[in-house]
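# Fold and geometry: a report
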Amino acid sequence: MNAEAFIPLEFERLPEDAMCQEARAFYQRMRRRRSVRDFAPDPVPMEVIHEALRTAGTAPSGANKQPWHFAVVTSPAVKREIRIAAEAEEREFYERRASEEWLADLAPLGTDDQKPFLETAPVLIGIFLQKFNSGHDGGKHKNYYTSESVGIATGMLISALHMAGLATLTHTPSPMKFLNTILKRPTDERPYILLVVGYPKAGTKVPNIEKLPLDQTSSFF
Ligand code: IYR
């Protein structure tokens, strides 16, 4: 039996005061999300991770190709491998590759080449971008708007994890091709972000930085 090509949209139109209340409440939750670099070693409920990944999987994508893969790591041995490979790249970055300007821009964050959180945090999610997909014919087909699509899915994943009470760090050791080897992904997939997930360590501090106000991020015509 053929599925219908179009189906009725499930959509509930809210009263305007409820819309404003929802938008305000969501903003008040989301503005408390901070990138965390000190994690507690406590395990997290895997069901929360699964539900957040399902949320990410609802993201819009070019021609609905869903050009992403999420490789979830909880194994201490695999986390250790990732930490060793990432710190090797970071040493290169901080000692040689980064420009003076880049290092100055990073100074307020207090980052360096040590990444203990890659072992301490209970979950790492390697997010991969699929530039190609193998179609029904077994051929290699190009996906569309892949960085936009994976960026949106990643944002939704971060939001879902935050709303469920978990902290995240978007980590991007560069280059991070080593993730393909360790996480057994095909070489034509681009490692996009390594998302570090867990509870913040008790008493952890975060940089005293601010987000731009609305009138500096947006214009209205
Ligand atoms: N990947 C390095 C450097 C780094 C770069 C940016 I741009 C940041 O916002 C934060 C860090 C590191 O993780 O230390």
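Every value quoted in this text rests on a predicted model; they were computed, and no experiment measured them.

## Focus on the overall build of the chain
Along the backbone of the chain there are eight helices and six strands. Overall, the C-alpha framework of the chain stretches about 55 × 50 × 40 Å when taken along its three principal axes. Burial status across the chain gives 35% buried among its 221 residues. Contacts in the chain between residues far apart in sequence, at least 24 positions, make up 78% of those at least 6 positions apart.

## A few points about the site of the ligand
Residues in contact with the ligand, as listed here, are Arg37, Glu90, Phe93, Tyr94, Trp102, Leu106, Leu109, Thr111, Asp112, Lys115, His171 and Thr172. One nitrogen or oxygen atom from the side chain of Tyr94 is found 2.4 Å from an oxygen atom belonging to the ligand. In the environment of the ligand, an oxygen atom lies 2.5 Å from a nitrogen or oxygen atom belonging to the side chain of Lys115. Out of a free accessible area of 380 Å², the ligand has 71% covered by protein chains. For the shell around the ligand, the per-class residue count stands at five nonpolar, three polar and four charged.

## Structural notes on helix H2 (residues 46-56)
If you check which residues of H2 are buried, you get Ile49, Ala52, Leu53 and Ala56. For H2, the buried positions fall inside an angular range of 100° around the axis, keeping them on one side. Residues of H2 that are buried sit in contact with strand S1 (68-73), strand S2 (123-130), helix H6 (146-163) and strand S6 (189-198).

## Notes on the packing of H2 against H6
It is the contact of H2 with H6, at a shortest axis distance of 8 Å, that shows an interaxial angle of 145°. H6 is crossed by H2, and the crossing has right-handed handedness. Between H2 and H6, the residues in contact are Ile49, Ala52, Leu53, Thr55 and Ala56 and Ala153, Met156, Leu157, Ala160 and Leu161, respectively. Looking at side-chain class alone, the contact of H2 with H6 contains nine nonpolar, one polar and no charged residues.

## Notes on the nonpolar core
Nonpolar side chains in soluble globular proteins generally cluster together in the buried interior. Within the largest apolar cluster, 23 residues are counted, with the highest numbers of intra-cluster contacts made by Ile49, Phe70, Ile125, Ile127, Leu157 and Leu195. The set of elements that each furnish at least two residues to this core consists of H2, S1, S2, H6 and S6. A per-element tally of this core places H6 first, with six residues.

## Quick word on the sheet that holds S2
The strand order across the open sheet formed by four strands is S1-S2-S6-S5, and the pairing between neighbours is antiparallel. Edge positions in the sheet fall to S1 and strand S5 (167-171), since each has one partner strand and no second. Along the sheet, successive strands turn relative to each other by an average axial angle of 25°, direction set aside. The pairing of S5 with S6 spans five bridges and is classified as antiparallel. When the bridges of S6 are listed, Leu169 appears paired with Val196. The strands touched by helix H3 (residues 76-97) within the sheet are S1, S2, S5 and S6, with S1 carrying the most contacts at an inclination of about 110°. Those strands touched by H6 are S1, S2, S5 and S6, and its axis lies near 10° from that of S6.

## Section: the environment of Phe117
You can see Phe117 is positioned in helix H5 (residues 117-120). Separated by 80 residues in the primary sequence, Phe117 and Arg37 have C-alpha atoms spaced 6.4 Å apart. Setting aside its immediate chain neighbours within four residues, Phe117 contacts Arg37, Phe39, Leu169, His171 and Val196.

## Some remarks on the pairing of S2
In summary, the side chains of a regular strand alternate between the two faces of the sheet. Counted residue by residue, S2 has eight buried out of eight residues, so it is predominantly covered. Both faces of S2 are covered, namely the face carrying Val123, Ile125, Ile127 and Leu129 and the face carrying Leu124, Gly126, Phe128 and Gln130. Two strands pair when backbone bridges link them, and S2 and S6 are joined in this way by eight bridges, in the antiparallel orientation. The residue bridging Ile125 from the neighbouring strand is Leu195, located in S6.

## Some details on the pattern of salt bridges
Applying the stated criterion to the full structure yields 10 salt bridges. Across the pair Arg96 and Glu92 runs a salt bridge, and its minimum N-O distance is 2.8 Å. Pair noted here: Arg96 and Glu92 are both in helix H3, with a separation of four residues, about one helical turn. Residue Glu92 is classed as partly exposed on the basis of its relative accessible area, which comes to 28%. Linked by salt bridges that have partners in common, Arg80, Arg83, Glu87 and Glu119 make up one network.

The rules behind these values
- Residues numbered from 1 in each chain as written.
- Predicted model: local features only at pLDDT ≥ 70, side-chain atom pairs only at ≥ 80, totals over all residues.
- Heavy atoms only, no water.
- Helix = DSSP H or I, 4+ residues; strand = E, 2+ residues; numbered from the N terminus.
- Buried < 20%, exposed > 50% of the residue type's maximum accessible area, 1.4 Å probe, protein only.
- Contact = heavy atoms within 4.5 Å.
- Near = heavy atom within 4 Å.
- Polar contact = N/O pair within 3.5 Å; in protein donor to acceptor, adjacent residues only side chain to side chain.
- Areas by Shrake-Rupley, 256 points an atom, 1.4 Å probe, with all protein chains shown as cover.
- Nonpolar A, V, L, I, M, F, W, Y, C, P; charged D, E, K, R; others polar.
- Arc of directions from axis to C-beta.
- Axes fitted to C-alpha atoms, helices over the stretch in contact; angles between N-to-C directions.
- Left-handed = near helix turned anticlockwise from the far one by under 90°.
- Core = buried A, V, L, I, M, F, W, Y, C linked by side-chain atoms within 4.5 Å.
- Pairing = 2+ DSSP bridges.
- Salt bridge = Lys/Arg side-chain N within 4 Å of Asp/Glu carboxyl O.

Any functional reading would require information that these geometric values do not contain.
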